[in-house]
Amino acid sequence: MQSKTKQQQRRLQRNIERIKNNRAELKNTGNNIQNTSITPFGSKPGGVSSSLMTKIFGRADKPTTAQQSIPYREMFRDGVCRVNDRLFTKTIMFFDITYQLAQNEDKSAIFEAWCDFLNYFDASISVQLTFVNRRVDVREFQQSIDIPDRDDEFANIRREYAYMLKNQLARGNNGLVKTKYITFGIEAASLKEAKPRLERIETDIINNFKTLGVSARPLSGIERLEVMHGQFHPDGLEKLRFNWGDIAKTGMSTKDHIAPASFEFREGRTFRLGPHYGSASFLQILAPELTDRLLADFLDLNTAVTVNMHIRSIDQAEAIKAVKRKLSDLDAMKVQEQKKAVRSGYDMDVLPPDLVTYGKEAAALLNDLQSRNERMFLVTVLVVNTAKKKQKLEDDIFATAGIAQKYNCALKRLDWQQEQGFMSSLPLGLNQIEIQRGLTTSSTAIFVPFTTCELFQSGEALYYGLNALSNNLIMANRKRLKNPNALYLGTPGSGKSFSAKREIVNVFLLSDDDIIISDPEGEYHPLVSRLGGQVVKLSPTSSHYINPMDVNPDYSEEEDPLTLKSDFILSLCELIVGGKDGLAPVEKTIIDRCVRLVYRDYLTDPHPEKMPILEDLYNLLLKQSEPEAQHIATALEIYVTGSLNVFNHRTNVDINSRLVCFDIKQLGKGLKKIAMLVLQDSVWNRVTINRAAKKTTWFYIDELHLLLKEEQTAAYTVEIWKRFRKWGGIPTGLTQNVKDLLASREIENILEVRPDRALCEVA
């Protein structure tokens, strides 16, 4: 008992002496610290020496702040990042194209181009592909689809339409922003040496993307910081507030502005990112062959996930030598196996199956490297999941691992390498995970980074449905597209008219634009009446009239108002008079002469009662001496004094209403073509008036194929459509007779299908 007490006393004495020594050491350290300039968060170079940090904290390379965990040295304004002493990188953001819904021929072309893209990178360039699915504030999306209230009688319709849009938003994953980046880096002694080559590589990459039909742009320094800030703050609620002047004012570095509140890497399989949980994994490729759906399925997850591919090219000569060495080793193993077989007394041609398989694969690989356009790459695929709760994180990892298992691969956690795995997922071009898989060009390219092109524009955007693959809203402002014109094509009952009506309602509720509808089937007037618009019913028994001779005297300061009007009258007479070959040159000259004569009085003194009608043109033709004039007048007679004199009256309806529908269902087949041509001219007059008021005019033409069926009306229709765009008009055609539409020789001047767009743009 006494000896035990003495042992305890000796142990206590040793502890007291150790404490005294530590106090003396800390006192000396404190004196050193008082004479040392320590910057905030230990982020600025020139602060505490590494030896002193080692003395205080232990290991010199162990991060003590969140800022120290972020693995880069400096971020420059032009987007160049100095990652370590010799590695300099830049990042390019690229956008999606429609690949998964493309035809097989188009897919093959994109895949071949993507292989050529990867082959551009030699062994001196490190490449990182980063795909970030990040949560953002859902309120931002809801604000982008809200329809502002107005002081009118359509408030309840606006609320109902906005409610429908919010329901559609809930069906998709528009609360998830998907971005794609490629980061490339080179080793150099200094920034001055690295910058010229980085710029050349950047130009080549953007040009290669153009070959693929992909839009891409380089990121500036602050944009690269925003990307990392978003990865460090997965909820999307906190915005980056930083400008380059803050560094000089505060003494803080760029890391101080993007770093999260804390990192915690205590656990081996997960980590903490501020209040969020995360986990880094790598993709173990077990399958002998992969499909181009693997990466797409990862990116289609409705979770916050970051997928990274670090790609390092091997020098071609070194790759071939390595494969040849492997073949030599395999041949040596075959010889050993054959010797064993001879000694054992069985057939020497019977070899282990694995040895035979490996030999065939190595020979095929050597053939690919030598005779095909294949390179050898070392690839690391990393997947990082984040979530607010740990259980949600485990569920997300389980779903991600299920996709990997579906393609005969495995998603393995990076045990005790969570920090290195997460930092390697930042678009910095630095790979801290030494788990690599050798793949050829075509095997690497099977991770095709393209799925489907999203179209979600903010501001005054209209709703066009849901993306077939991503289920996201398609919101577009056709005025902001390169070409605002559009066609609705489809089989009967496929929803063309419904889609057009939905767009009409959206335009009416969201903007102050004018809307005009040519309705050959009489199906739009209930909608127009509900919205308080003007319905004009044209028929032989109707009291509504439209004067085809109406003209706007204030057409343009640069152009004569009669120029296009004469063209319209020629098209109208060609439709009425002309046969298979159309009007003769003499007849065209006579009509043009009479058109200018009939408008002479009106243009001199433009009053509504002086506006000419078709009968005035008919009377002028009768007064001409040429026999061709008599022929034209005789052909016009039925439309002037005969039973089809629907268009021989002055306009008596309010065609200046904001929403006008021309119902021409009751017109006969012959009159319907003429009516649609007359309506186009009437709309053109409206467009010229609205142009001065800087107001857009939407014109919907149902059964468009009727106008393109005849050469006489097709030429004028194409001319109108080309001019509409420049004058603030947006024509939209609808037809179910696609075959008749495509049979027109003028259709090439109207239709231009863009497979990388969600809408069908027309010229």
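Above this text is the structure in question.
Since the structure is predicted, the reported quantities are computational estimates derived from the model, not experimental observations.

Caption draft 1: How the structure looks around the overall build of the protein chain. Helix and strand counts for the protein chain stand at 27 helices and 21 strands. Here the protein chain, with 763 residues, has 50% of them falling under the buried criterion. Pairs at least 24 residues apart make up 76% of the contacts formed inside the protein chain by residues separated by at least 6 positions. Working note: accessible area of the protein chain is about 37400 Å², and carbon and sulfur atoms make up 49% of it.

Caption draft 2: Representation of the pairing of strand β11 (residues 376-387) in the model. The buried fraction of β11 is high, at 11 of 12 residues. Relative to β11, strand β9 (residues 276-285) runs antiparallel, the two sharing 6 bridges. Paired with Gly278 across the strands is Thr386, a residue of β11. Pairing of strand β10 (residues 305-314) with β11 involves 10 bridges; the strand directions are antiparallel. Bridge pairing in β11 links Met309 to Val381.

Caption draft 3: Summary view of the pattern of salt bridges. Under the defined criterion, the tally for this structure stands at 26 salt bridges. Its salt-bridge partner being Arg73, residue Asp85 comes within 2.6 Å of it at the nearest N-O pair. Of this pair, Asp85 sits in the loop between β2 (81-82) and β3 (87-94) while Arg73 sits in the loop between α3 (66-69) and β1 (74-75), and the two are 12 residues apart along the sequence. Residue Asp85 is classed as partly exposed on the basis of its relative accessible area, which comes to 45%. Residue Arg593 pairs with Glu626 through a salt bridge whose shortest N-O separation is 3.1 Å.

Caption draft 4: Expanded view of the sheet that holds strand β19 (residues 659-663). Taken in spatial order, the 6 strands line up as β16-β21-β20-β17-β19-β18 in an open sheet, and their pairing is parallel. For this open sheet the edge positions go to β16 (486-489) and β18 (534-537), each flanked by a neighbour on one side alone. Each strand axis lies, on average, 15 degrees off the axis of its neighbour in the sheet, ignoring direction. With 4 bridges connecting them, β18 and β19 associate as parallel partners. Across the sheet, Gln534 pairs through a bridge with Val660, a residue of β19. Set on the sheet, helix α17 (residues 496-510) makes contact with β16, β17 (514-519), β19, β20 (697-702) and β21 (729-735); between it and β20 the angle comes to about 165 degrees.

Caption draft 5: Fine view of unusual backbone geometry. A positive phi is found at Asn408, a non-glycine position, where the angle reads about 60 degrees. Take Asn408: it is sitting in the loop between α14 (390-406) and β12 (409-413). Even without a glycine there, the phi angle at Glu703 is positive, about 55 degrees. Mapped onto the secondary structure, Glu703 falls in the loop between β20 and α25 (705-709).

Caption draft 6: Spatial organisation of the environment of Asn207. Turning to its location among the elements, Asn207 is positioned in helix α7 (residues 191-212). On the basis of relative accessible area, Asn207 is assigned to the partly exposed category, the value being 38%. The spacing of Asn207 and Phe117 is 90 residues in sequence and 9.9 Å in space, taken between C-alpha atoms.

Caption draft 7: Highlighting a positive patch on the surface. Taken together, the side chains of Lys482, Lys722, Arg725 and Lys726 define a basic patch exposed on the protein surface. Looking at where Lys726 falls in the secondary structure, it is placed in helix α26 (residues 711-726). Looking at Lys726, the relative accessible area reads 66%, which means it is exposed.

Caption draft 8: Representation of the packing of aromatic side chains within the structure. Taken as a whole and assessed by the stated rule, the structure comprises 18 aromatic pairs. Relative to Phe450, the ring of Phe94 has its centre 6.2 Å away and its plane inclined at 75 degrees; by these criteria the two rings are edge-to-face. One end of the pair, Phe94, is in strand β3; the other, Phe450, is in the loop between α16 (441-445) and β14 (462-466), and 356 residues separate them in sequence. For Phe450, a relative accessible area of 0% gives the class buried. Clustering of aromatic rings is evident, with ring pairs tying together Phe94, Trp114, Phe117, Tyr120, Phe121, Phe209 and Phe450.

Caption draft 9: Structural view of the packing of helix α4 (residues 104-119) against α7. Running from N to C, α4 and α7 point in directions that differ by 170 degrees, and their axes come no closer than 9 Å. What the angle tells us is that α4 and α7 run roughly antiparallel. Across the interface between the two elements, Ile110, Ala113, Trp114 and Phe117 from α4 touch Ile205, Asn208, Phe209 and Leu212 from α7. For the contact of α4 with α7, the per-class residue count stands at 7 nonpolar, 1 polar and no charged.

Caption draft 10: Layout of the side chain of Thr440. Within the fold, Thr440 resides in strand β13 (residues 437-440). Polar side-chain contacts of Thr440 include one of 3.1 Å to the side chain of Ser443. Filtering out sequence-adjacent residues up to four positions away, Thr440 remains in contact with Leu365, Glu374, Arg375, Met376 and Phe377.

Caption draft 11: Fine view of the packing of helix α20 (residues 585-598) against helix α22 (residues 614-623). Look at α20 against α22: their axes get within 10 Å of each other, and the N-to-C directions meet at 125 degrees. Viewed along their axes, α20 and α22 adopt a mutual orientation that is oblique. Between α20 and α22 the crossing geometry is right-handed. In contact with Ile590, Cys594, Val595, Leu597 and Val598 of α20, α22 contributes Asp616, Leu617, Leu620 and Leu621. Of the residues that constitute the contact of α20 with α22, the class distribution is 8 nonpolar, no polar and 1 charged.

Caption draft 12: Molecular detail of the pairing of β9. The buried count for β9 comes to 8 of 10 residues, which makes it a mostly enclosed element. Of the pairings in the sheet, the one linking strand β8 (residues 271-273) to β9 comprises 3 bridges and is antiparallel in character. Paired with Phe271 across the strands is Gly278, a residue of β9. Turn length for the β8-β9 hairpin, with the two strands adjacent in sequence and antiparallel, is 2 residues, and the turn residue Gly274 shows positive phi of about 65 degrees. Sheet topology note: the β9/β12 ladder contains 5 bridges and is antiparallel. Bridging from a neighbouring strand, Leu283 pairs with Leu411 of β12.

Caption draft 13: Highlighting the side chain of Asp292. Inspection of the secondary structure assignment puts Asp292 in the loop between β9 and α11 (294-299). It is Lys107 that comes nearest to the buried, bridge-free Asp292 among opposite-charge side chains, at 4.7 Å. Within polar-contact distance, the side chain of Asp292 engages the side chain of Tyr99 at 2.6 Å. Setting aside its immediate chain neighbours within four residues, Asp292 contacts Tyr99, Gln100, Ile446 and Val448.

Caption draft 14: A look at the environment of Ile201. In this structure, Ile201 sits in helix α7. Residue Ile201 is classed as buried on the basis of its relative accessible area of 3%. Each C-alpha atom, one on Ile201 and one on Gly185, is 9.4 Å from the other, the two residues being 16 residues apart in sequence. Sequence-distant contacts of Ile201, defined by excluding residues within four places in its chain, comprise Tyr120, Ile125, Phe184 and Ile186.

Caption draft 15: Just α4, in detail. Along its 16 residues, α4 runs 23 Å from first to last C-alpha, staying within 8% of the 22 Å computed at 1.5 Å per residue. Of the residues making up α4, those classed as buried are Lys107, Ile110, Phe111, Trp114, Cys115, Phe117, Leu118 and Asn119. On its buried face, α4 is in contact with β4 (126-135), β5 (176-187), α7, β10, β11 and α16.

Parameters at a glance
Residues numbered from 1 in each chain as written. Predicted model: local features only at pLDDT ≥ 70, side-chain atom pairs only at ≥ 80, totals over all residues. Heavy atoms only, no water. Helix = DSSP H or I, 4+ residues; strand = E, 2+ residues; numbered from the N terminus. Buried < 20%, exposed > 50% of the residue type's maximum accessible area, 1.4 Å probe, protein only. Contact = heavy atoms within 4.5 Å. Areas by Shrake-Rupley, 256 points an atom, 1.4 Å probe, with all protein chains shown as cover. Pairing = 2+ DSSP bridges. Salt bridge = Lys/Arg side-chain N within 4 Å of Asp/Glu carboxyl O. Axes fitted to C-alpha atoms, helices over the stretch in contact; angles between N-to-C directions. Patch = residues over 30% accessible without salt bridge, like charges linked within 9 Å, V, L, I, M, F, W, Y side chains within 5 Å. Lys, Arg positive; Asp, Glu negative; His and termini not counted. Charge placed at Lys NZ, Arg CZ, Asp CG, Glu CD. Phe/Tyr/Trp six-rings, centres within 6.5 Å; stacked < 30°, edge-to-face > 60°. Parallel < 35°, antiparallel > 145°, perpendicular 65-115°, else oblique. Nonpolar A, V, L, I, M, F, W, Y, C, P; charged D, E, K, R; others polar. Polar contact = N/O pair within 3.5 Å; in protein donor to acceptor, adjacent residues only side chain to side chain. Left-handed = near helix turned anticlockwise from the far one by under 90°. Expected span 1.5 Å × (residues − 1).

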